[in-house]
Amino acid sequence: MTEQDDIEQLIQQMADELRARLEAARVRDALMVGIHTGGLWVAKRLHTLLGLEQPLGELDISFYRDDFSRIGMNPQVRPSRLPVSVDERHIVLVDDILHTGRTIRAAMNELFDYGRPAAITLAVLGERSGRELPIQADVVGRHFDLGEHEHVKLSGPDPLRLSIVEAP
Amino acid sequence: MRQHNSLQHDSEGRLRHLLTIEGLKRQQIIDILDTAESFISVGDRQVRKVPLLRGKTVVNLFFEASTRTLTTFELAAKRLSADVLKININTSATVKGESLLDMLHNLEAMQCDMFVVRHADSGAAHLIAKHVAPHVSVINAGDGSHAHPTQALLDMFTIRRRKGEFAPLTVAIVGDIKHSRVARSQIHALTTLGVSELRVVAPKTLIPAAVENLGVHVFHDLEEGLRDADVVIMLRLQKERMQGAMLPSEAEYFATYGLTEETLALAKPDAIVMHPGPINRGVEIASSVADGPQSVILEQVSNGIAVRMAVMSMTLGRAPAEGDST
Amino acid sequence: MNITIQHGRLIDPANGIDSHADLHITDGVIAAVGEAPDGFVADSHINAEDHIVCPGLIDLRARLREPGGESRATIATETAAAASAGITTLVCPPDPSQPIDTPALVDLIRHRAKQSGHARVLPLGALTQGLAGQQLAEMATLNQAGCVAVSNGLQAVESTQVMRRAMEYAASQGLTIFLHAEDPWLAAGGCAHEGAVSVRLGLAGIPEAAETIAVARELQLIEQTGVRAHFCHLSSARAVRMIARAQYDGLPVSADVAAHQLYLTDMDIGYFDTQCHVRPPLRSQRDREGLREGLKQGTIVAICSDHQPLGADAKLAPFPASEPGISGLETLLPLTLRLADEGLLGLSEAIACVTQRPAEILGLLGSVQGGTLTTGARADVCIFDPEPYWELRADELQSAGHNSPFLGWELKGRVNCTLLAGELTYHTCD
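Residues numbered from 1 in each chain as written. Chains lettered and ligands numbered in written order. Predicted model: local features only at pLDDT ≥ 70, side-chain atom pairs only at ≥ 80, totals over all residues.

Enquirer: It is not clear to me how the domain arrangement of chain C should be interpreted in this structure. Could you clarify?
Expert: Interfaces are often sized by the accessible area lost when the parts come together. Residue and element names in this part refer to chain C. In terms of domains, chain C is made up of domain 1 (2–52 + 378–394 + 409–427) and domain 2 (55–362). Placing a centre on the C-alpha atoms of domain 1 and another on those of domain 2 gives a separation of 28 Å. Counting from both sides, the interface comprises 19 residues of domain 1 and, opposite them, 25 residues of domain 2. Of all the secondary-structure elements, those providing two or more residues to the side of domain 1 that touches domain 2 are β2 (9–12), β18 (381–391), β19 (410–420) and β20 (423–427). The biggest single contributor to the side of domain 1 that touches domain 2 is β19, with six residues. The residue inventory of the side of domain 1 that touches domain 2, partitioned by class, reads twelve nonpolar, three polar and four charged. (Domains from an automatic or database assignment. Contact = placed C-beta atoms within 7 Å. Helix = DSSP H or I, 4+ residues; strand = E, 2+ residues; numbered from the N terminus. Nonpolar A, V, L, I, M, F, W, Y, C, P; charged D, E, K, R; others polar.)

Written out as structure tokens, the structure is:
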């Protein structure tokens, strides 16, 4: 269990690290994009903490899932919204938990259908083992050591709460 | 036992085919509209394509000429990354039941996943859906005077974008209700979504017997029918209606049932004007209204792509359910 | 050859008999009911214990498809199906592929029926040449060749003048005219009852008025010409009332109803079930009740199968493009018996609707050529068990046509033996 105060603290650390990275890379008008649903909750906080100029973008990767033909259409799909062009822009992609890497793969595919970003930085609140694709995060809030049947779940949006659940 | 419209749902109640609006639950219609809302943005991007139906094959099976519907279905399938095959069957040569089904089985043997069917006979899409293999979905793109569900859904989508809620609306459908598959599907959709009042407006020759059973109020006078309407839907008038002694002339029809700026003024000031197309200017609608500020006719066309993308992805994107069979 | 049918429950509506009695047959003729005549020695016995013994059924309307439609059915297949359903006499109407407007056609049909030996086929002669509704057919010649009555089949006689003259001429020849009452213009292009179902499904409707307007015209002409007329397969409650009124006024008119019209309505079309595509169309529940009431009141005197065997492809089409018709021979008796089970008619009365009454309309009863078990009558007999329930299955239908909306229905009552002029044409018993 990770309590709310902890999480806000984690996000503050992530914001500091991100700010340092963006400054080092001399990025001025980065576009932050949160992945529905948990990633967007985290992105909203980071966006405020960093005081970014560009409005926050949101991605629903339902149309890009690679397991579509097995699990079907998500009936709660929401529109993706990118407020400005992604062409030649530095993107900060935010998700809640990095696990297999498939969600990030889908999100990057979708981003590239909007244009050609200059660079993408990946920030995740939590990271765990089980990667199936060569994808790593640049900024990580916390690392989790989990058993084979355990999963981390973020609930929110207010308060944010991380819990470890047993999967059957 | 007779299989009523369970035909278009699978054993878990998900949409397997889309044959008619009748029998769809309110939430199911809303889900389709919500999904379509997400697809709208796809059209605004640099790459107007999502990989959802990659590797699937969609066959447009059109037994009746159509440009607009065929094009939007084709575009929708392509934006979903499906492979699209178009088969135009000569309409003058009657395709008998047996050869029609033979053709279907041949296409199935080529591993097609979806048939989009348009046919001049009511019930053609049901017939095909009854005989396809379990993995194949059928979308009705218009059968006789029976149904045109995707047209009705895109109309609902357009109304919702413009008006928000359905409950307070008064909707008037004006024109050839008798022969219109669009009107039948719109009526089912609007009554399911629960509009405040649904009117059909036409001379008796163009109103089918017992239409009140569908939950509409019948008006024979255009001015009464339009009074305080929020949405005015005009239907296309086919020229054949003159020969069948349904109407004396196009001129008289326009004079009594044509939508003009004056008659539109009887509707609410913010009323929207819709038409499934193609428009007969000066027959059912004046050009000044069709191109006027209250017209949403072109919006309907572009919304049609997103709605058809939603329907295609929802019917094809089902995990195979237990006990799915023909 | 002497046969005795023993221990059965004998129902002969023409003689008001419903009792347990033996039936004795000599050389194809009923020799006696009850006690055997003096010196009668049965060559064979049929045990009809727990069974009903009644006259062989007479079906006023069955399409046999021969000559012209042998790919769908033949007189041999359909008369065999009739025999398995207890039917001994079939009335075959003319239709465009076999207009029955020449003695040669009449001979051919009768000859084929005789060859097959399963049931008697009585052709209806054409009313107009080629059923085209323009020139009168040679009715007297057709009558001599063996046509029991005349009819224009499902083809309309559009001209009122031609219809009037056809009736006048038929009346002069003492011929009964069989009428299909349908206004061709109101029915044009339609495939379902104009009402709640046709509007929902977007099917072109056939309004009730298509039938009532035709009934009204024919009644006026019947009154004027004095012809004896029989209305076939009525479909609307209003037409039944019009005919009741005409009968009350003393007009020589009778009417029948197809068995399926007593059970199905346009609601049964569901989502385009082409098995329910029939002509005249299945109408509303109110109409079905009206037809049943007409049967109870005696306005409608007979029940027919309106048998139309079709190939499988005929129904595998979108509803409007599918062919109308039901393969009805094998459901005629069970559906008729069901009316008694439901209490609409007494058992004897129900049986009369498919035996005595059609025989009366055809003029067979006076000459004891069917429809009764009177001593001296032709020994056309049906023996059935009224109790067993069975499911109607396509692969068990004897008819070449497997088109029936009753497939999957549980029916009650099953034929065990059928005798045509004393010869067994069907039997499941030893």
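Further notes follow.
Enquirer: Help me understand the interface of chain C and chain B in this model?
Expert: Between chain C and chain B, the contact holds 22 residues from the first and 27 residues from the second. Broken down by element, the side of chain C that touches chain B gets its largest block of residues, four residues, from helix α6 (residues 196–201) of chain C. In terms of residue class, the side of chain C that touches chain B is made up of 13 nonpolar, five polar and four charged.

Enquirer: I'm lost on the environment of Ser288 of chain B in this one. Help?
Expert: Residue and element names in this part refer to chain B. By the secondary structure assignment, Ser288 is in helix α11 (residues 287–290). The class of Ser288 is partly exposed, set by 13 C-beta atoms lying within 10 Å. The spacing of Ser288 and Glu261 is 27 residues in sequence and 7.3 Å in space, taken between C-alpha atoms. (Buried ≥ 20, exposed ≤ 12 C-beta atoms within 10 Å, placed from the backbone.)

Enquirer: In this structure, what is going on with the interface of chain A and chain B? I would like to understand it.
Expert: The interface is formed by 16 residues belonging to chain A together with 18 residues belonging to chain B. Counting residues per element, the ones that place at least two in the side of chain A that touches chain B are α3 (68–71) and α4 (102–114) of chain A. Counting residues per element, the side of chain A that touches chain B draws most heavily on α3 of chain A, at three residues. Across the side of chain A that touches chain B, the residue classes tally to nine nonpolar, three polar and four charged.

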